[in-house]
Amino acid sequence: YAHTVRDAYIPQEYLPDSLVGTTFYEPGPFGFEKDIAKRLAWWAELRERKRHTDANLPVNAAVEATANAAAESDEPSTGQST
């Protein structure tokens, strides 16, 4: 459950296969959009870690491993208040 892990994020895919990987938004280089770009990059990293983990673990173990990796990440939380 995403709200039980640090940064409240566990990578999941809800798009239909035909839309997976489609870019709907790219933040610009100014103002708060720089922070949004950092967050999007961090989420992409978590999704990539999950893909590698899922190849070797059952689904529940893969989700737990991803959550643990997020909790141990050096990346500071942006946009989330605690």
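Because the structure is a prediction, the values reported are computed rather than measured.

1. Thoughts on the overall build of the chain
Moving on, step 1. Within the chain, the secondary structure is distributed over 2 helices and 0 strands.
Moving on, step 2. Expressed as a percentage of its 82 residues, the buried residues of the chain come to 18%.
Moving on, step 3. Look at the contacts in the chain between residues 6 or more apart in sequence, and 56% of them connect residues 24 or more apart.
Moving on, step 4. Carbon and sulfur atoms form 55% of the exposed surface of the chain, whose accessible area is close to 6,100 Å².

2. Quick word on helix α1 (residues 33-54)
Moving on, step 1. With 22 residues, α1 extends 31 Å between its outermost C-alpha atoms, agreeing within 8% with the 32 Å of an ideal straight helix rising 1.5 Å per residue.
Moving on, step 2. Within α1, burial applies to Arg39, Trp42, Leu46, Lys50 and Thr53. Viewed end-on, α1 has its buried residues packed into an arc of 85°, placing them on one side of the element. Every exposed residue of α1 that faces more than 90 degrees away from the buried side is listed here: Arg51 and His52.

3. Here's the deal with the layout of surface pockets
Left-over empty space is what a probe sized like a water molecule reveals as it rolls over the atoms.
Moving on, step 1. There is about 590 Å³ of room inside the largest pocket.
Moving on, step 2. The wall of the largest pocket is formed by 18 residues, among which Leu15, Thr22, Phe24, Leu40 and Arg47 lie closest to the centre.

4. Quick word on a nonpolar patch on the surface
Moving on, step 1. Nonpolar side chains collect at one region of the surface, where Leu15, Leu19, Val20, Phe24, Tyr25 and Leu40 lie side by side and expose about 530 Å² of accessible area between them.
Moving on, step 2. With respect to the helices, strands and loops of the structure, Leu19 is situated in the segment before α1.

5. Details of the environment of Ala2
Moving on, step 1. Locating Ala2 in the fold gives a position in the segment before α1.
Moving on, step 2. Under the relative-accessibility criterion, Ala2 is labelled partly exposed at 23%.
Moving on, step 3. In this structure the C-alpha to C-alpha distance between Ala2 and Gln12, which are 10 residues apart in sequence, comes to 10.0 Å.
Moving on, step 4. Ala2 has contacts with Ala8, Tyr9 and Ile10, leaving out every residue within four places of it along the chain.

6. Here's the deal with the pattern of salt bridges
Moving on, step 1. What the rule picks out here adds up to 1 salt bridge.
Moving on, step 2. With a closest N to O distance of 2.4 Å, Glu45 and Arg49 form a salt bridge. In this pair, Glu45 and Arg49 are both assigned in helix α1, 4 residues apart and thus about one turn of the helix distant.

What counts and what doesn't
- Residues numbered from 1 in each chain as written.
- Predicted model: local features only at pLDDT ≥ 70, side-chain atom pairs only at ≥ 80, totals over all residues.
- Heavy atoms only, no water.
- Helix = DSSP H or I, 4+ residues; strand = E, 2+ residues; numbered from the N terminus.
- Buried < 20%, exposed > 50% of the residue type's maximum accessible area, 1.4 Å probe, protein only.
- Contact = heavy atoms within 4.5 Å.
- Areas by Shrake-Rupley, 256 points an atom, 1.4 Å probe, with all protein chains shown as cover.
- Expected span 1.5 Å × (residues − 1).
- Arc of directions from axis to C-beta.
- 1 Å grid on protein atoms, 1.4 Å probe; cavity = no way out; pocket = protein on both sides within 12 Å on 5 of 7 lines; lining within 4 Å.
- Points joined across faces, edges and corners; volume = space filled by probe spheres on them.
- Patch = residues over 30% accessible without salt bridge, like charges linked within 9 Å, V, L, I, M, F, W, Y side chains within 5 Å.
- Salt bridge = Lys/Arg side-chain N within 4 Å of Asp/Glu carboxyl O.

Such coordinate-based values are descriptive only and should not be taken to indicate function.
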